[in-house]
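# Architecture and fold: a report
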Amino acid sequence: MTARVHVSLLPLLLLVLAVALPAGALRFDLHSGHTKCISDEIKVGAMAVGKYHIVAPDDGTPSLSSSSQQQQQQLPDSHRISLRVTSPYGSSLHYAENVHSGNFAFTATEAGDYLACFWAPDHRPPVIVAFEFDWRSGVSARDWSTVAKKGQVETMELELRKLEDTIKSIHEEMFYLREREEEMQELNRRTNARMAWLSLLSLAICLSVAGLQLWHLKNFFERKKLL
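The structure presented is a predicted model; accordingly, all values stated were derived computationally and were not measured.

### Structural notes on the confidence of the model for the protein
In the predicted model, the protein carries a mean pLDDT of 77, and the fraction of residues at 70 or more is 71%. Contacts of residues 59–70 to residues separated by more than four positions or lying in other chains number 24 contacts, the stretch itself having pLDDT below 50.

### Description of the pattern of salt bridges
For the coordinates displayed, the defined rule picks out 5 salt bridges. One salt bridge in this structure joins aspartate 134 and arginine 136, with 3.2 Å as the shortest N-O distance. On the accessibility criterion, arginine 136 (24% relative accessible area) is partly exposed. Ionic pairing is found between arginine 190 and glutamate 186, a salt bridge with its closest N-O pair at 3.8 Å. Pair noted here: arginine 190 and glutamate 186 are both in helix α4 (residues 155–223), with a separation of 4 residues, about one helical turn. Among the residues examined, arginine 190 registers a relative accessible area of 39% and is labelled partly exposed.

### Description of the state of the cysteines
Taken as a whole and assessed by the stated rule, the structure comprises 1 disulfide. The partner cysteine of cysteine 37 in its disulfide is cysteine 117, sulfur to sulfur 2.1 Å. When the S-S torsion is 105°, as for the bridge of cysteine 37 with cysteine 117, the disulfide is right-handed. One end of the pair, cysteine 37, is in strand β2 (residues 35–42); the other, cysteine 117, is in strand β7 (residues 112–119), and 80 residues separate them in sequence.

### A look at a nonpolar patch on the surface
On the surface, a nonpolar cluster with roughly 460 Å² of combined accessible area is contributed by Met195, Leu198, Leu201, Ile205 and Val209. Secondary-structure assignment places leucine 198 in helix α4. On the basis of relative accessibility, which here comes to 45%, the residue leucine 198 falls in the partly exposed class.

### Points about the sheet that holds β7
If you walk across this open sheet you meet the 4 strands as β2-β7-β4-β5, and the pairing is antiparallel. Lying at the two open borders of the sheet, with one neighbouring strand each, are β2 and β5 (92–99). Neighbour to neighbour, the strand axes of the sheet diverge by 15° on average, direction disregarded. Pairing geometry for strand β4 (residues 81–86) and β5, over 5 bridges, is antiparallel. In the strand pairing of β5, threonine 86 is matched with serine 92.

### Brief notes about the pairing of strand β3 (residues 47–54)
The side chains of a regular strand alternate between both faces of the sheet. Direction of pairing for β3 relative to strand β6 (residues 101–107): antiparallel, over a ladder of 7 bridges. Bridge pairing in β6 links valine 49 to alanine 105.

How each quantity is defined
Along each chain, numbering runs from 1 in the same order as the chain's sequence is written. Residue-level local features of this predicted model are given only where pLDDT is at least 70; pairs of side-chain atoms are given and counted only at 80 or more, and the full residue set underlies all totals for whole chains, interfaces and linings. Side-chain numbers come from the whole structure's heavy atoms, not from hydrogens or water. Note on scores: pLDDT gives the predictor's confidence for each residue, bounded by 0 and 100. Whether two residues are in contact is decided by their heavy atoms, any of which lying within 4.5 Å being enough. Salt-bridge detection follows one rule: a side-chain nitrogen of Lys or Arg within 4 Å of a carboxyl oxygen of Asp or Glu. Burial classes: relative accessible area under 20% of the type maximum marks a residue as buried, over 50% as exposed, and values in between as partly exposed (1.4 Å probe, protein chains only). For helices the rule is a DSSP run of H or I covering at least 4 residues; for strands it is a run of E covering at least 2, with both sets numbered from the N terminus onward. The definition used for a disulfide is geometric: two cysteine sulfur atoms within 2.5 Å. Think of a patch as exposed residues, more than 30% relative accessible area, with no salt bridge, where like charges cluster within 9 Å and nonpolar side chains (Val, Leu, Ile, Met, Phe, Trp, Tyr) cluster within 5 Å. Only the protein chains shown count as cover for residues, and all accessible areas are computed by the Shrake-Rupley method using a 1.4 Å probe. Note on pairing: two strands pair once DSSP finds at least 2 bridges between them. Lines fitted to C-alpha atoms define the axes, with helix axes restricted to the stretch in contact, and inter-axis angles between N-to-C directions lie between 0 and 180 degrees.

Structure (structure tokens):
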């Protein structure tokens, strides 16, 4: 009994760690004239925020910091990127063209994979534009420092609020996964039913063709007076 409980709790513990641990920005290299897309599956009603900025080509340090304006002037003209964020059904949620940095935020109205596509202008000779992208959704998208300042909460209370939101997110995720599983089971049942009818139809066609062949052979042999 104990072993079964540990096995059932393992996915839940992994989900807690995935939600609770902070995620850092990811760095990408984008070739000029090419496009790179990143997707994230987001549920309906979940908030998503994203930040992106070009990394300086000389030492790999971010181009946007406290002295961002001065560092932007040091970037070559070729080091600019464009971004479009779209919903699962193709609606445009954010668009920026030839920028050094930017951010976006939205609340998902559709469930599915949201797509963020970056592209760099075509240059001769080709260049590689490095940028960092931080995309968060759900509990991780919430600004807890702002919550702490507004509510004047203690450290322990803030951690408890984080844990409460994490548990709510896990609870909603479990219901979401259950709904997806029910949808997949229903799809499998419909597919199996259609395959069964298709198999019966194929069998009926084969039997009909075989009967016609026997009837044709019988008439042929009768005409030839072989029967």
